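Coordinate analysis (summary)
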Amino acid sequence: MTTYITTPIYYVNAQPHLGHAYTTIVADTYSRFRRLTGDTVRFQTGTDEHGDKIAEAAEKEGCSPREYVDRISAMFRTTWPLLDIAPDNFIRTTDKKHVETVQAILQQVYEKGDIYFDKYTGLYCTGCERFLTEKELVDGTCPDHKTVPDEITEENYFFRMSRYQQELIDHIKSNPDFITPERYKNEVLSFLSEPLEDLCISRPTSRLVWGIPLPFDGNFVTYVWFDALINYLTGLGYPDGEQFESCWNVAEHVIAKDILKPHAIYWPTMILSMGLPLYKKLHVHGYWNVDETKMSKSIGNVIRPVELIEEYGVDSIRYFCLREMSFGLDASFSSDAIVARKNSDLANDLGNLYSRTTAMLVKYTGGVVPEPVSVDDDTVLSDLAEKVLASYYETMSSFQFHRALQVVWELISQANKYIVSNEPWVLVKEEDRLGRLHTVLYNLAETLRLLTLLLQPVMPGICERMAQGLGLGIDSPLIKDFKTNGRWGMLEPGGNLQKIEALFPRTDTKKKQPVKQGAKQNKEKKNKNEQTTENREGVITFDQFQKVDLRVAEIVCAEPVKKSDRLLKLTVKAPEERIIVAGIADYYQPEDLPGLLVLIVANLKPVKLMGVESQGMVLAAKVEENGRSRLVLSSVSGAVPPGSKVA
Ligand code: MSP
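Keep in mind that this is a model prediction, so the values were computed, not measured.

Each helix and strand counted, the chain has 23 helices and 25 strands in total. The 647 residues of the chain split such that 54% are buried. Taking all contacts inside the chain whose residues are at least 6 apart in sequence as the whole, residues at least 24 apart take part in 74%. Accessible area for the chain stands at about 29100 Å²; split by element, carbon and sulfur atoms hold 49% of it. Distance between charge centres in the chain, computed from 74 positive and 88 negative side chains, equals 7 Å.

Set out below in structure tokens:
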């Protein structure tokens, strides 16, 4: 099978921002997913370099349009590798081959009688680079650019879009997946229920010279959309390139809703006029908003992907984009939302599962994947994995990336619970249960192998490291071939694991205040009476006891404290996240702790221990045995939500 996936070609009047990055991450992820499932893939992106907007931007910068487009186009091209985006082709509309092909197509459509000369008066929006209809305006302004369009009367060339209206309606109706999600298909059909106006496809050179000259009239250049849409063909070497033969009939375009009309109406009617088969699918997504407003250069609220990578790392950004936005709907961007996803989903859930499992394998079996002894009566993970694999395939194929990630996270969460309920650290101490230990460790290693396979399209960088840690080459079919190895039990026992650095270092969240406030209030309320009672034989009143904020907390992460043999730094959820430093390093290994529910005192005045601020205390029993004492952490039986008060 072949996949041909494209992004819009971006205007070079602005540098790449998160909106551009999102669409391109989506197309990259999809192309990696299709490769994983055995397809031959061609993924194309590029830059749109003609038109009013570009000419204006170049003038503002005081340089020639050519110099200007070369500079900004290069910015797009060099940004994509930083986001692990690997297109097979980067097209520019100023490429000679593209210009020639656009002219050949114009000539063909003109000779067919689908282009005619006429006079036209209309409302032109420079931001959109097109005439808007009265109906599209909101309070007399363009809804996207919030500007009043200019009324322009001109003689121009027009494309007979109306001639193909019915054929397009019929095609959309008989191919339900032609435009998805469905709301956008309905929007297009509703637009097509009114008679279509023909499309003005030229600009007089008296007004604009930065465009492709019309082959049949040197006084005009081509309207930028008629030029730009054709990139999807010229990038394949149309009309006689090999790629055109293999790719055109499977073309899938990804766009945001801002350019639905050119892609769902102008483009298909142009293709029909050329006598070619229509593209296969149009995938339409919503906007990234910042403070409820679409992120865009003209509004000035743009987020630069390069800055995000520096702050959070490329894998976290890719994951955040795909997990946070339901494809088709708008989503809100905020740094808090990225940090929450990174710390919770990536560092706590995935990162912990990976580090605990690999650490246990290194410790208990010398890093060798053990032979499972009995698998028949332990199918919790294998059963769920089979369901996850099926659902993942389905949802990734239909662009529901957030759903695909949700189901993968069900497996991660189940595997974390599996560690806690099977307690490998107890099994290892009981000789007659070593077989059981091996089964548990095998199941966890196989889960990690499947996660590496499934998450690769989304986070290729981190998955390379995961594969390396599992002792698998980055090109191993076990993580590169979904068709053969996208099922449970393919990991061969015997492989050698390696210890690798934490996958996702946590990003510090802003310190929460309730602990300090609680302590301060207590101090203010303290009265003499209480102090005397306190001093009397350690007796406290019920009132005093009530002031102690005892809570259930879940340990999400445990790390040694630098330069201390005794202390562990615990990140706990109670329900907000906080750091507690505990003197338990002699009795517990960090990798055994995540997932445990313990009791904490939540309103102790914070103290610094070896440079780390501890925001509370974990309760543990001090057990005296043979003249020595050890600490056993308090625990909670049953599933209690973190943060529950202890009464
Ligand atoms: N040059 C045209 C496209 C021609 S395609 C033949 C164009 N360029 S653009 O630079 O304005 O890019 C628009 C596209 O960028 C959107 O369709 C979308 O893919 C992406 N996005 C730009 N801003 C966005 C958001 N705020 N949110 C989501 N995607 C956004 O239009």
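Once the structure has been displayed, the description carries forward.
Another point: the sheet that holds strand β14 (residues 288-290). Strand pairing in a sheet relies on backbone hydrogen bonds, with the paired strands running either antiparallel or parallel. Judged by pairing direction, the sheet is mixed, and its three strands sit side by side in the order β15-β14-β16 without closing on themselves. Each edge of the sheet is formed by a strand with only one pairing partner; in this case those strands are β15 (293-294) and β16 (331-332). As paired elements, β14 and β16 share two bridges and run parallel to each other. Pairing of Asn 289 across the sheet is with Ser 332, part of β16.

Another aspect to go through is the environment of Glu 187. Relative to the elements of secondary structure, Glu 187 occurs in helix α6 (residues 182-192). For the pair Glu 187 and Lys 261, spaced 74 residues apart in the sequence, the C-alpha separation amounts to 9.4 Å.

Under the domain assignment, the chain is made up of domain 1 (2-331), domain 2 (334-485) and domain 3 (537-633). The straight-line distance from the C-alpha centre of domain 1 to that of domain 2 is 40 Å. Between domain 1 and domain 2 lies a buried interface of about 2800 Å² when both sides are counted; carbon and sulfur atoms form 69% of it. Three residues, Leu 36, Tyr 319 and Arg 323, lead the burial of domain 1 against domain 2; their summed loss comes to 28% of the area buried on that side. For the interface between domain 1 and domain 2, the tally reads one salt bridge. For Glu 324, the salt bridge goes to Arg 341, with nearest N and O atoms at 2.7 Å. Elements with a contribution of two residues or more to the side of domain 1 that touches domain 2: α1 (18-36), β12 (251-256), α11 (305-312) and α12 (314-324). Split into classes, the residues belonging to the side of domain 1 that touches domain 2 amount to 14 nonpolar, five polar and eight charged.

This part takes up the site of the ligand. Residues in close proximity to the ligand total 24 residues, the closest being Ile 9, Thr 23, Asp 48, Asp 258 and Trp 288. In this structure, an oxygen atom belonging to the ligand sits 3.4 Å away from a side-chain N or O atom of His 20. Note that a nitrogen atom of the ligand is positioned 3.0 Å from one of the backbone N or O atoms of Met 295. In isolation the ligand has 670 Å² of accessible area, and contact with the protein removes 95% of it. Those elements that place two or more of their residues in the shell around the ligand are β1 (2-11), α1, α7 (224-229) and α8 (231-234). A total of four residues in the shell around the ligand trace back to one element, the largest contributor, which is β1. For the shell around the ligand, the residue count by class is 13 nonpolar, eight polar and three charged.

Moving on, we come to the packing of aromatic side chains. Under the defined criterion, the tally for this structure stands at 31 aromatic pairs. An angle of 75° between the planes, with centres 6.4 Å apart, marks the rings of Tyr 110 and Tyr 157 as edge-to-face. Taken together, the residues Tyr 110 in helix α4 (residues 96-111) and Tyr 157 in strand β6 (residues 150-159) connect sequence positions 47 residues apart. Taking relative accessible area as the criterion, Tyr 110 reaches 31% and is therefore assigned partly exposed. Assessed through its relative accessible area of 7%, Tyr 157 is described here as buried. For the ring pair Phe 327 and Phe 401, a centre distance of 6.2 Å and an interplane angle of 75° mean the geometry is edge-to-face. One end of the pair, Phe 327, is in the loop between α12 and β16; the other, Phe 401, is in helix α15 (residues 401-422), with 74 residues separating them in the sequence.

Any segment with low pLDDT has predicted coordinates that should not be analysed in fine detail. Looking at the chain as a whole, its pLDDT mean stands at 91, while 95% of the residues score no less than 70. Here residues 511-536 is modelled with pLDDT under 50, and outside its nearest four sequence neighbours on either side it reaches 23 contacts, counting other chains as well.

Relative to the helices and strands, Ser 644 is located in the segment after β25 (628-633). Residue Ser 644 is classed as partly exposed on the basis of its relative accessible area, which comes to 22%. In the structure, Ser 644 is positioned 330 residues away from Val 314 in sequence and 35 Å away in space, judged by C-alpha atoms. With sequence-adjacent residues up to four places away left out, Ser 644 is seen in contact with Leu 550, Arg 551 and Val 552. Looking at Ser 644, its side chain comes within polar contact range of the main-chain oxygen of Pro 641, at 2.6 Å.

Another point: unusual backbone geometry. Omega for the peptide link from Thr 180 to Pro 181 comes to -10°, which places this bond in the cis form. Mapped onto the elements, Pro 181 comes out in the loop between β7 (179-180) and α6. For the bond from Ala 574 to Pro 575, the omega torsion is -10°, close enough to zero to count as cis. Its place among the elements puts Pro 575 in the loop between β18 (568-573) and β19 (577-582). Although it is not a glycine, Asp 84 adopts a positive phi angle of roughly 55°. On the secondary structure map, Asp 84 appears in the loop between α3 (65-82) and β3 (89-92). The phi angle at Lys 563 is positive, at roughly 60°, despite the residue not being glycine. Given the relative accessible area of 83%, Lys 563 is considered exposed.

How each quantity is defined
- Residues numbered from 1 in each chain as written.
- Predicted model: local features only at pLDDT ≥ 70, side-chain atom pairs only at ≥ 80, totals over all residues.
- Heavy atoms only, no water.
- Helix = DSSP H or I, 4+ residues; strand = E, 2+ residues; numbered from the N terminus.
- Buried < 20%, exposed > 50% of the residue type's maximum accessible area, 1.4 Å probe, protein only.
- Contact = heavy atoms within 4.5 Å.
- Areas by Shrake-Rupley, 256 points an atom, 1.4 Å probe, with all protein chains shown as cover.
- Lys, Arg positive; Asp, Glu negative; His and termini not counted.
- Charge placed at Lys NZ, Arg CZ, Asp CG, Glu CD.
- Pairing = 2+ DSSP bridges.
- Domains from an automatic or database assignment.
- Buried area = accessible area lost by both parts, 1.4 Å probe.
- Salt bridge = Lys/Arg side-chain N within 4 Å of Asp/Glu carboxyl O.
- Nonpolar A, V, L, I, M, F, W, Y, C, P; charged D, E, K, R; others polar.
- Near = heavy atom within 4 Å.
- Polar contact = N/O pair within 3.5 Å; in protein donor to acceptor, adjacent residues only side chain to side chain.
- Phe/Tyr/Trp six-rings, centres within 6.5 Å; stacked < 30°, edge-to-face > 60°.
- pLDDT = per-residue confidence, 0-100.

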